[in-house]
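# Understanding the architecture of this molecule
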Amino acid sequence: MNEERKRRFTPRVKLRMVQAALLVAAVVVVFAAGAVWSRAGSATTVTSDLLSQRIRAVSELATVEYHYTNMGKFENQVDFYGWKVPLTRKRFIVSYDGVIKAGVNADKIAVQVRGKTVTVTLPAAEVLSHEIDDDSLQIFDETTNIFNPLKISDYTGFAADQKSAVESKATQNGLLTEAADKARDAVAHLLSLAPGMEAYQIEVKTTD
């Protein structure tokens, strides 16, 4: 009798029983996980810290990129008590491409939750980075002499002056204003996607 039962309990039957047991266990795990996730989602509370962490997940909201091509002239001559020394003039004309990134620093954003209103205060927009493409540099009309040779410091100082001038011009043309507007839109959209925000009113403003 025992031998007959053993013959009926073939390895294939055992395998099917194990597969069935695993399937049942998997279904139980899935339902259990779904219940936990459901409870976690319903228990989510909107707080200032929670929203601040969501915003700071993006270290910088670089909202505007300003690409430009510029040409500048450098000229220098040895000065001796107000008298320009002859044969000491050096100069060069250079053209180059650059890109300015402007936006707001996410680490300086303040979030406040009062009742059903979320108020976000953004810092003033600023230039986040300014890079000149070295591969784009073209030098024209380079003039030097043994009495006043061109130096690396001439080029680096010229580049710094040029960056400052271009940033000033871009700002006058509304670069930072556009960056602030887009930052407000970006933050409002980012927060609207947070769980539980359907019941809240979002107000985003910029520090004067």
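Structure shown above.
Heads up: these notes are all about the structure in this document. (Residues numbered from 1 in each chain as written. Predicted model: local features only at pLDDT ≥ 70, side-chain atom pairs only at ≥ 80, totals over all residues. Heavy atoms only, no water.)

## Comments concerning helix α3 (residues 48-56)
One turn of the α-helix equals 3.6 residues, which is why residues spaced by three or four share an orientation. We apply this condition: Think of it in three bands: with a 1.4 Å probe and only protein chains considered, a residue is buried below 20% of the maximum accessible area for its type, exposed above 50%, and partly exposed in between. The numbering of helices and of strands both runs from the N terminus, where a helix is a DSSP run of H or I of at least 4 residues and a strand a run of E of at least 2. It is the directions from the helix axis to the C-beta atoms that the arc portrays. Whether two residues are in contact is decided by their heavy atoms: any pair within 4.5 Å suffices.
If you check which residues of α3 are buried, you get Leu51, Ser52 and Ile55. Buried residues of α3, viewed axially, fall in a sector of 100°; they line one side. In α3, those exposed residues whose orientation departs by more than 90 degrees from the buried face are Asp49 and Gln53. Buried residues along α3 sit against β5 (110-114), β6 (117-122) and α5 (175-192).

## Notes on the packing of aromatic side chains
Note the cut-off: Note on aromatic contacts: the rings of Phe and Tyr and the six-membered ring of Trp form a pair at centre separations within 6.5 Å, being stacked when their planes are under 30 degrees apart, edge-to-face when over 60 apart, and tilted otherwise.
By the definition in use, this model includes five aromatic pairs. Judged by centre distance (6.0 Å) and plane angle (25°), the rings of Tyr66 and Tyr68 are stacked. On the basis of relative accessibility, which here comes to 27%, the residue Tyr66 falls in the partly exposed class. Ring centres of Phe74 and Phe158 lie 6.5 Å apart, and the angle between their planes is 85°; on these two criteria the pair is classed as edge-to-face. Of this pair, Phe74 sits in strand β1 (residues 60-76) while Phe158 is found in helix α4 (residues 152-172), placing the two residues 84 residues apart along the sequence. Taking relative accessible area as the criterion, Phe158 reaches 8% and is therefore assigned buried. Through a chain of ring-to-ring contacts, three or more aromatic side chains come together here, namely Tyr66, Tyr68 and Tyr96.

## Re the environment of Thr69
Note the cut-off: Here a polar contact is recorded for every N or O atom pair within 3.5 Å, except that within protein the pair must consist of a potential hydrogen donor and a potential acceptor, and residues adjacent in sequence are included only if both atoms are side-chain atoms.
Position of Thr69 relative to the elements: it lies in strand β1. For Thr69 and Val166, which are 97 residues apart along the polypeptide, the C-alpha to C-alpha distance reads 10.0 Å. Apart from the residues within four sequence positions on either side, Thr69 is in contact with Tyr96 and Asp97. In this structure the side chain of Thr69 is engaged in a polar contact, spanning 2.7 Å, whose partner is the side chain of Asp97.

As far as function goes, none of this settles anything; it's purely spatial.
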